[in-house]
Amino acid sequence: MALRWFCTRSLLHESFDYSMIDRIPGRQTDRKTLLGELNWIFTAVTDTIAWNVLPHDLFRRLFRQDLLVASLFRNFLLAERIMRSANCSPMSYPVLPPTHQHHMWDAWDMAAEICISQLPTLVDDPNAEFQPSPFFTEQLTAFEVWLDHGSERKKPPEQLPIVLQVLLSQLHRFRALVLLGRFLDMGPWAVDLALSVGIFPYVLKLLQTTTPELQQILVFIWTKILALDKSCQVDLVKDGGHTYFIRFLDSIDAYPEQRAMAAFVLAVIVDGHRRGQETCIEAGLIHVCLKHLQCSSPNDAQTEPLFLQWICLCLGKLWEDFSEAQLIGLQADAPAIISPLLLEPQPEVRAAAVFALGTALDVGSDTSRDGQGEEDDDDEKVKAEAGIVKNLLNVVSDGSPLVRAEVAVALSRFAFGHNKHLKSVAAAYWKPQSSSVLTSLPSFAVKGSSSGYTTPTHYMPHGSIVPSPIAPLLRVGHDSQPVSRDGRVSSSSPLATPGIMHGSPLSDDSSQHSDYGALNDCVTNGVLSYSRRKPLDNALYSQCVLAMFNLAKDPSPRVESLGRRVLAIIGIEQVVAKSFKPAGVSIRPGEPSTSASASLAGLARSSSWFELTGGAHLPLAFRTPPVSPPRPSYMTGMRRVCSLEFRPHLMSSPDSGLADPLLASPGPSGVSDRSFLPQSMIYNWSCGHFSKPLLTAMDDTEDIIARREEREKLALDHIVKCQHSSLSKMQNQIASWDTKFETGTKTALLQPFSPVVIASDENERIRVWNYEEATLLNSFNNHDYPDKGVSKLCLVNEFEENLLLVASNDGNIRIWKDYSSKGKQKLVTAFASIQGHRPGVRSVNAVVDWQQQSGYLFSSGEISSIMAWDLDKEQLVSTIPLASDSSISALAVSQVHGGQFAAGFVDGYVRLYDIRTPEMVVSATRPHTQRVERVVGIGFQPGLEPAKIVSASQAGNIQFLDMRCAKDKYLTIDAHRGSLTALAVHRHAPIIASGSAKQLIKVFNLEGDPLGTIRYYPTFMAQKIGSVSCLTFHPYQVLLAAGAADACVSIYADEILPPR
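Residues numbered from 1 in each chain as written. Predicted model: local features only at pLDDT ≥ 70, side-chain atom pairs only at ≥ 80, totals over all residues. Heavy atoms only, no water.

Draft legend 1. Spatial organisation of the overall build of the chain. Looking only at helices and strands, one finds 29 helices and 32 strands in the chain. Residues classed as buried in the chain amount to 60% of the 1060 residues present. Here the analysis covers contacts within the chain between residues at least 6 apart in sequence; of these, 65% occur between residues at least 24 apart. Carbon and sulfur atoms form 52% of the exposed surface of the chain, whose accessible area is close to 43100 Å². (Helix = DSSP H or I, 4+ residues; strand = E, 2+ residues; numbered from the N terminus. Buried < 20%, exposed > 50% of the residue type's maximum accessible area, 1.4 Å probe, protein only. Contact = heavy atoms within 4.5 Å. Areas by Shrake-Rupley, 256 points an atom, 1.4 Å probe, with all protein chains shown as cover.)

Draft legend 2. Region of the structure containing the pairing of strand β9 (residues 775–781). Two elements, strand β8 (residues 765–770) and β9, share six bridges in a ladder whose sense is antiparallel. Following the sheet pairing, R765 is matched in β9 by N781. With antiparallel pairing between neighbouring strands as the criterion, β8 and β9 make up a hairpin whose turn holds four residues, including A774 at a positive phi of roughly 55°. (Pairing = 2+ DSSP bridges.)

Draft legend 3. Region of the structure containing helix α2 (residues 34–53). In this model α2 runs 29 Å from its N-terminal to its C-terminal C-alpha over 20 residues, within 8% of the 28 Å that 1.5 Å per residue would give. With 16 of 20 residues buried, α2 is to be regarded as a mostly interior element. (Expected span 1.5 Å × (residues − 1).)

Draft legend 4. Quick peek at helix α23 (residues 401–417). In this model, α23 (17 residues) spans 24 Å end to end at C-alpha, consistent with the 24 Å of a helix rising 1.5 Å per residue. Buried residues dominate α23, accounting for 17 of its 17 residues.

Draft legend 5. Representation of the environment of F73. Looking at the secondary structure, you find F73 in helix α4 (residues 67–85). The sequence separation of F73 and L62 amounts to 11 residues, and the corresponding C-alpha distance is 7.1 Å. Those residues within four positions of F73 in sequence are excluded, and the remaining contacts are L62, F63, S92, Y93 and L96.

Draft legend 6. Layout of the nonpolar core. The biggest cluster of nonpolar side chains holds 177 residues, and the ones touching the most others in it are F135, F183, W222, L249, W310 and I338. Leave out the neighbours within four places in its chain, and F183 touches F143, W146, L147, P157, L160, W189, A190, L193 and A194. (Core = buried A, V, L, I, M, F, W, Y, C linked by side-chain atoms within 4.5 Å.)

Draft legend 7. Spotlight on the sheet that holds strand β26 (residues 980–985). If you trace the four strands from one edge of the open sheet to the other, you get β26-β27-β28-β29, paired in antiparallel fashion. Each edge of the open sheet is held by one strand with a lone partner, namely β26 and β29 (1010–1015). Pairs of neighbouring strands in the sheet enclose a mean axial angle of 15°, with direction left out of account. Pairing geometry for β26 and strand β27 (residues 991–996), over five bridges, is antiparallel. Across the sheet, the residue bridging to V985 is I992, located in β27. (Axes fitted to C-alpha atoms, helices over the stretch in contact; angles between N-to-C directions.)

Draft legend 8. Broad picture of the packing of helix α9 (residues 170–184) against helix α12 (residues 212–228). Close contact between α9 and α12 brings their axes to 9 Å; oriented N to C, the two are set at 30°. By the angle between their directions, the pair α9 and α12 is classed as roughly parallel. Handedness of the α9/α12 crossing: left-handed. Two secondary-structure elements touch here, α9 through R173, F174, L177, V178, L180, G181 and L184 and α12 through E213, L214, I217, L218, F220, I221 and K224. (Parallel < 35°, antiparallel > 145°, perpendicular 65-115°, else oblique. Left-handed = near helix turned anticlockwise from the far one by under 90°.)

Draft legend 9. Representation of the packing of aromatic side chains. A complete count under the given rule lists 26 aromatic pairs for this structure. An angle of 80° between the planes, with centres 5.7 Å apart, marks the rings of Y244 and F245 as edge-to-face. An identical accessibility class is assigned to Y244 and F245; each is buried. Pairing F753 with F799 gives two aromatic rings, centres 5.6 Å apart and planes at 45°, and the pair type is tilted. Pair noted here: F753 is in the loop between β6 (745–750) and β7 (756–761) and F799 is in the loop between β10 (790–796) and β11 (803–808), with a separation of 46 residues, a long-range link. Just as F753 is buried, F799 falls in that class too. Among the aromatic residues, those joined into a ring-pair cluster are F59, F63, F73 and F76. The ring of Y683 has K317 lying over it, and the distance from NZ or CZ to the ring centre is 4.5 Å. Its end group placed over the ring of F905, R911 keeps NZ or CZ at 4.6 Å from the ring centre. (Phe/Tyr/Trp six-rings, centres within 6.5 Å; stacked < 30°, edge-to-face > 60°. Lys NZ or Arg CZ within 6 Å of the ring centre and 35° of its normal.)

Draft legend 10. Layout of the sheet that holds strand β32 (residues 1048–1053). A sheet is described by the order of its strands in space; here four strands give the open sequence β5-β32-β31-β30, paired in antiparallel fashion. Two strands in the sheet have a free side with no partner beyond their single neighbour: β5 (732–738) and β30 (1028–1033). Across this sheet, the average inter-strand angle for adjacent strands is 20°, counted without regard to direction. Here six bridges tie β5 to β32, and the two strands are oriented antiparallel to one another. Considered in β32, the bridge of D738 is made with C1048.

Draft legend 11. Spatial organisation of the pattern of salt bridges. Counted by the stated rule, this structure contains 28 salt bridges. With its nearest N and O atoms 2.8 Å apart, the salt bridge here joins D250 to K291. Here D250, found in helix α14 (residues 242–250), pairs with K291, found in helix α17 (residues 285–295); they are 41 residues apart in sequence, far enough to count as distant. For K291, a relative accessible area of 38% corresponds to the partly exposed category. Here D321 makes a salt bridge to R413, at a shortest N to O gap of 3.4 Å. Of this pair, D321 sits in the loop between α18 (305–318) and α19 (323–331) while R413 sits in helix α23, and the two are 92 residues apart along the sequence. The exposure class assigned to D321 is partly exposed, which follows from its relative accessible area of 34%. (Salt bridge = Lys/Arg side-chain N within 4 Å of Asp/Glu carboxyl O.)

Draft legend 12. Broad picture of the side chain of T46. Tracing the backbone through its elements, the reader meets T46 in helix α2. Among the residues examined, T46 registers a relative accessible area of 0% and is labelled buried. Excluding anything up to four places from it in sequence, T46 contacts R74, L77 and W105.

Draft legend 13. Here's a closer look at the pairing of β7. With six of six residues buried, β7 is to be regarded as a mostly interior element. As judged from the five bridges shared by β6 and β7, these two strands associate in the antiparallel manner. When the bridges of β7 are listed, A748 appears paired with A759. Between β6 and β7, which pair antiparallel one after the other, the connecting turn spans five residues.

Draft legend 14. Seen up close, unusual backbone geometry. For the bond running from Y93 to P94, omega is 0°, close enough to zero to count as cis. Mapping P94 onto the fold places it in the loop between α4 and α5 (104–116). Within the chain, D321 stands out as a residue other than glycine whose phi angle is a positive 55°. The phi dihedral of K740 is positive, around 65°, even though this residue is not glycine. Positionally, K740 belongs in the loop between β5 and β6.

Draft legend 15. Region of interest: the environment of A227. Along the polypeptide, A227 turns up in helix α12. For A227 and V265, which are 38 residues apart along the polypeptide, the C-alpha to C-alpha distance reads 8.5 Å. If sequence neighbours within four positions are ignored, A227 has contacts with F264, F690 and S691.

Draft legend 16. Structural detail: the environment of T99. Assignment of secondary structure puts T99 in the loop between α4 and α5. Placed 49 residues apart in sequence, T99 and A50 show a C-alpha to C-alpha distance of 7.9 Å. Not counting the four nearest positions on each side in its chain, T99 is found in contact with I49, V53, L77, E80 and W105. Among the polar contacts listed, one links the side chain of T99 to the side chain of E80, at a separation of 2.6 Å. (Polar contact = N/O pair within 3.5 Å; in protein donor to acceptor, adjacent residues only side chain to side chain.)

In structure tokens form, the structure reads like this:
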């Protein structure tokens, strides 16, 4: 009908014999014949018109659910076109918008004309070859043009239904799939559009083809579909599609990134889908995955991090809550194959490996076991689980919060399954001691190997308990604990005393009370002790309990909240107490006041762990990193730590790929429901990687590079000026800032490319100030833990949107972004750079420095080693043992020679280290031999010479050292008699400054000549001004910032004010 009507209107109507239309050769179902081609083009055109004009739901109902209905409505579109030309109006139900003037009818007319022009030849000569119409090629080209210029904000590509039709033709299929892949890569909106056209059955059918060149693009398309819509897993399994991806995963020809996509597809297929898990196990997926993990040696090109990550996630999902699969995995020695990945440089791979090991732990059946008949299996299982837990304990102190969060989730599964044994171990550890209620968490320290003292999670603490006065009081109550009628601990109990809690940040006033939620009478039996497990040895349980306590005191709020949930599973609940309150202020009405120094904190028994959050509002403030951050870009002598730049932001909503928010109300007692276990977030978060564009680079990289180059040029100009500056005096005060710190300024830092100074006090309050405009930009607390004390501030990635690294006295490192925007600061990462400390030592007194070129952070203190952390990998890369029992009091890295740093010791020694050498220590000398020999400041002299160091002792003398010479010190300055408190060495200009407790700063050049003295004068109120607490130079200008104990920060320049 379409052709008859078309012929009457076309240019062919005079020369064309209409009877030929009934003799068109071919079959409608054969697209290689003229009739088949015309039918195919007609279907494509009418589908395209309908999809572009109708609402998508209506299109799906009329054109995709039933073949006869679809055929009927295609004919209706044609009828509307023909009848409207005769001024008739066809009607339909539902009423459709007008389509008779759609421009795709012109495309149909043109295609029909090209096909019909061949008709006389084909009718006359049955052997004549039919030339296919260029219709589909041209439409694919139009789609390609749209891909080059289109976007989400523009009108969708109208050729999408035609692309779908083209998938039916072998001739155009490959090109159509490639273009479709490009389209789907534009984002979830594009996948949604493609699914609305009805792409699903087409690409599902294509999985039955064996054409090798289609494999990669098909895997990519399925990756994009499943990243948006997980529900497709059911149809994939029903049609046996999983075997296609298992074959692809096992093929050696494909690139690792593409095989990672196949692993992702398989992970989605088995995610929470028992039928999917069963079919994939039958197809041998576990052995395929383990084979590829075994193949991947560190030097192998196959070890693409994304591939390793998704193999682990796929395995984890395969045996999650599926004991048959767990058993197959344990029999195949999966834990031993996966555990080496816990040392991989990428945090995402380590977290995925922890996830795979954690889900291999059986959390126990929901009903009590009878313990009969499974004895042999159980023995093997218990042994395997012990091995898994030992591996997990090795990474409980990992530098990445992402990894530690997964360890917490894995330990919660272990705690759930071995609840009774862990509870008894915890109870045995923290019985109330007869000597004092205040017996605190023992700081277990065992003399270790090269690192001096091992971390509290790596050893057995028998017989070496050293009480630490700063650790929290841990108590496990008994059933006889005084409980008042409303379920709260009565105030006569020592646990109810308000006080400071070590390890409970982010608790607001509503959680002041020692809150258990409602304690029901029946919950004291222990809700979760229902699975009768064979016990492992007590040593392992002890280590687990200690690891759980460490996680509950983690510097990352996200990990800390997970750690507390794990503790609650084993019946220990921390009594939440607010941080410092002024002495004498009663925290709760009607209760005796306590001074802030009475640092009481407690752990109380809770029989059901989900009561943990009765009143506490704990924001989960950590979000995890993307799957593969860009490679580090090496600049001229400057390295960028990229993993941090692209890692977490503050969580905005509970569904942003994180574990579920803490449960707010206790469930019914006696519930043995796994849903109360904290959920892992590495899988959900990693899935987000495939929703993002994978084929195109990020748009903003050019801007970042341009800004970096501009800043590098600026820095080089300033460096040249610094090196050639003839310094006279440094007494010109260009700015003075009253920070209003109650405890005085402890440390300060000048930003390199903006007139900003950052300062912190002993209570770790950080303030950011613009000294040109004299405005406060931001003020925030580094953390809410009661143990305060800041050690150092550093800038990470100076040449870009830099990050602020804050090192606390206890060795905890927190890194902030957007710290100079009011209220917008976000915690990027946090970790403990020092684990454990010497027995009998009250505080670690960490000393820390950051080296941009190598990407290393060095930290030490009252420990017998120096820890070197790679911030890009978020991993401890080296533990350098100290030669003597003396501890380090000052640390400085070389800003010129990567891997080199100098340390000053309490006993007056100065040692030069180079992490690139096997023996680490380059040279050692003892320049400070006075009565007070403690080194309080150290720094590398400006210039390229590697071993020239300036060192200052508390006694007041400054030594200029050349660590390569036998006669080490070649110049001594007696700067301050017995009262030197701070030393600063300029990175590029020949100038050093020293500060004194006697309110003065002295400035010298490298020859030892004094360039000036800056005195603090008494204020008009005749108050004595405090001692100089910190000095820091601007990295690229001759500017000196000085902080004093009176909370004032002053900035000094050379006599001529340097232009900015």
